[in-house]
Amino acid sequence: MNHDFDTPVDRRGTWCIQWDGVADRFGVEGLLPFTISDMDFTSPPEVLDALQRRVAHGVFGYTDWRHEDFLSAIRHWFADRYRTEIDTDLIVYGPSVLNQLSQLLRMWSAPGDGVVVHTPTYDGFIKAIGGLNRELRGAPIGDMAALERQLARRDSTVLVLCSPHNPTGRVWTHDELTEIATLAARHEVAVVSDEIHADFMHDGNQHLPWTRYGSGRWALITSATKSFNFPALSGSYGIIGDRDDHAEFLRRMRTGEGLASPAVLSLTAHIAAYRHGGPWLDQLNAYVAGNLRMLADRLAAAFPGLGWRPPQAGYLAWIDLRPLGIDDAALQRELVEREKVAIMPGTTYGCPGFVRLNVGCPRNKAERGTDALVRALRRLA
């Protein structure tokens, strides 16, 4: 089946953050948004069909996630997509990846402890770590010496690894993951690997799950909601390497969090996506890669010295504008006030001089955002 990613879907009036909530972040209504990391595409027809059948049943009582339909779908996805065998006895469930992260930080660190991340950093990590009164400690992505310095600090207790990395779209290599695992073990730092962007690989890059590298205290947290565009259904799962930690996580979710029952529609969507959504995702990846190539070509034509290349993974374009000497505030004024578009500034992720542009959308919209950015940069440069 050939899927249509070109036809726009009107998301306005559906309470979505990207479109209906744009004024909350940018102060202006009606902007064309390229912001929060969800996509403007409908979910795969196989997922929609499964949801419709479940809704038609009409009863939505308390539900259990610990059944073979759900667990085997995850096992199938890892085996088929990543050539990785997983132990489904180590799986846990949570309402979101960030909720799982917060629970793991409570388990493996104390207020005031250091939590190490790679910079630039996804703003959800910044909020979660700060909100729990932990100290965020950054190491520039790719700088292993800086990473070890932060891990070696006496009260650094957790490394939050984003794999692939958000916002840069960087895919970690086998050698890099091996070195990160060695450093974490050497300094007795637990690792939480957020792999929610793992299904969006470009140009032959390969995602390598942390299950292949983890030792000691570690967890892999992820969800199908990003890849198949149903984050509003909520739902995520994780794999926790230590069985005692696994049992403690489940105990906390049942008691202190009161989250014994998952969202049944999320389970339904996950199972359908992992069992039947692969061909749709492959076509989507190719389409998104086309959007990224279009962006690269138009930036190169307008600013040959910029040298921007598409990311190795994902649908988020992380663009280094520092060679142009553009003032961040001035650029945002041009984009919002004159071009009427919303594009995330790099300062959100701790990196002035960058922007993050979401091209998980129909080609025409991606072109409009790209052209608006180019016009604004030309006026300022």
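Numbering of residues starts from 1 in each chain and follows the order in which that chain's sequence is written. In keeping with the model being predicted, local features are shown solely for residues with a pLDDT of at least 70 and side-chain atom pairs are shown and tallied solely at 80 or more, while totals for entire chains, interfaces and linings include all residues. In computing side-chain properties, one takes all heavy atoms of the structure into account and sets aside hydrogens as well as water.

(A) Region of the structure containing the environment of Val-9. Secondary-structure assignment places Val-9 in the segment before helix H1 (17–20). Considered as a pair, Val-9 and Pro-362 are 353 residues apart in the sequence and their alpha carbons are 8.9 Å apart. Runs of E in the DSSP output that reach at least two residues are strands. Runs of H or I that reach at least four are helices, and both are numbered from the N terminus.

(B) Spotlight on the sheet that holds strand S8 (residues 236–240). DSSP bridges decide pairing: two strands pair if at least two such bridges lie between them. Read from one edge to the other, the open sheet built from seven strands follows the order S2-S8-S7-S6-S5-S3-S4, with strand pairing classed as mixed. In this open sheet, the two edge strands, each paired with only one partner strand, are strand S2 (91–94) and strand S4 (135–140). Sheet twist, expressed as the average angle between the axes of neighbouring strands with direction ignored, equals 25°. As paired strands, strand S6 (residues 190–194) and strand S7 (residues 218–222) are joined by four bridges and run parallel to one another. Only C-alpha atoms enter the line fits that serve as axes; for helices the fit covers just the stretch in contact. Angles between N-to-C directions range over 0 to 180 degrees.

(C) Quick peek at the environment of Arg-83. Tracing the chain through its elements places Arg-83 in the loop between helix H4 (68–82) and S2. On a C-alpha basis, the gap between Arg-83 and Val-171 in space is 17 Å, while along the polypeptide they are 88 residues apart. What makes two residues a contact is simply this: any of their non-hydrogen atoms within 4.5 Å. The contact partners of Arg-83, leaving out residues within four places of it in the chain, are Phe-78 and Arg-212. Here Asp-80 takes part through its backbone oxygen, which lies 2.2 Å from a polar atom of the side chain of Arg-83. Pairs of N or O atoms are called polar contacts if they sit within 3.5 Å, as long as, within protein, a hydrogen donor faces a hydrogen acceptor (for residues adjacent in sequence, only side-chain-to-side-chain pairs).

(D) Layout of helix H6 (residues 123–131). Three or more residues of H6 are buried, namely Asp-123, Gly-124, Phe-125, Ala-128 and Ile-129. Of the residues flanking the end of H6, it is Asn-133, one or two places downstream, whose phi is positive at about 60°. When a residue's accessible area, from a 1.4 Å probe over protein chains only, is under 20% of the maximum for its type it is buried; when over 50% it is exposed; and in between it is partly exposed.

(E) Focus on the pattern of salt bridges. Here, a salt bridge means any Lys or Arg side-chain nitrogen found within 4 Å of an Asp or Glu carboxyl oxygen. If you walk through the whole model with that rule in mind, you get 25 salt bridges. Note that Glu-248 is salt-bridged to Arg-251, the shortest N-O span being 2.8 Å. Residue Glu-248 and its partner Arg-251 are located together in helix H9 (residues 243–254), separated by three residues, close to a single helical turn. Owing to a relative accessible area of 24%, Glu-248 belongs among the partly exposed residues under this scheme. Beyond isolated ion pairs, a larger network of salt bridges with shared partners links Glu-334, Arg-338, Glu-339, Arg-375 and Arg-379.

(F) Broad picture of the packing of aromatic side chains. Classification of ring pairs rests on two measures: the distance between centres of Phe, Tyr or Trp rings, Trp counted by its six-membered ring, which must be within 6.5 Å, and the angle between planes, read as stacked under 30 degrees, edge-to-face over 60 and tilted in between. Under the defined criterion, the tally for this structure stands at 18 aromatic pairs. Ring centres 5.3 Å apart and planes at 75° place the aromatic pair Phe-78 and Tyr-82 in the edge-to-face group. With Phe-78 and Tyr-82 both in helix H4 and four residues apart, this pair spans about one turn of that helix. Phe-78 sits in the buried class, given a relative accessible area of 2%. Grouping aromatic residues by their ring pairs yields a cluster made of Phe-5, Phe-41, Trp-65, Phe-70, Trp-77, Tyr-93, Phe-228, Tyr-237, Tyr-274, Trp-280 and Tyr-287. Note on criteria: charge over ring means Lys NZ or Arg CZ within 6 Å of the ring centre, with the direction from the centre no more than 35 degrees off the ring normal. Its end group placed over the ring of Trp-65, Arg-66 keeps NZ or CZ at 5.8 Å from the ring centre. Sitting over the face of the ring of Trp-172, Arg-170 holds its NZ or CZ atom 5.2 Å from the ring centroid.

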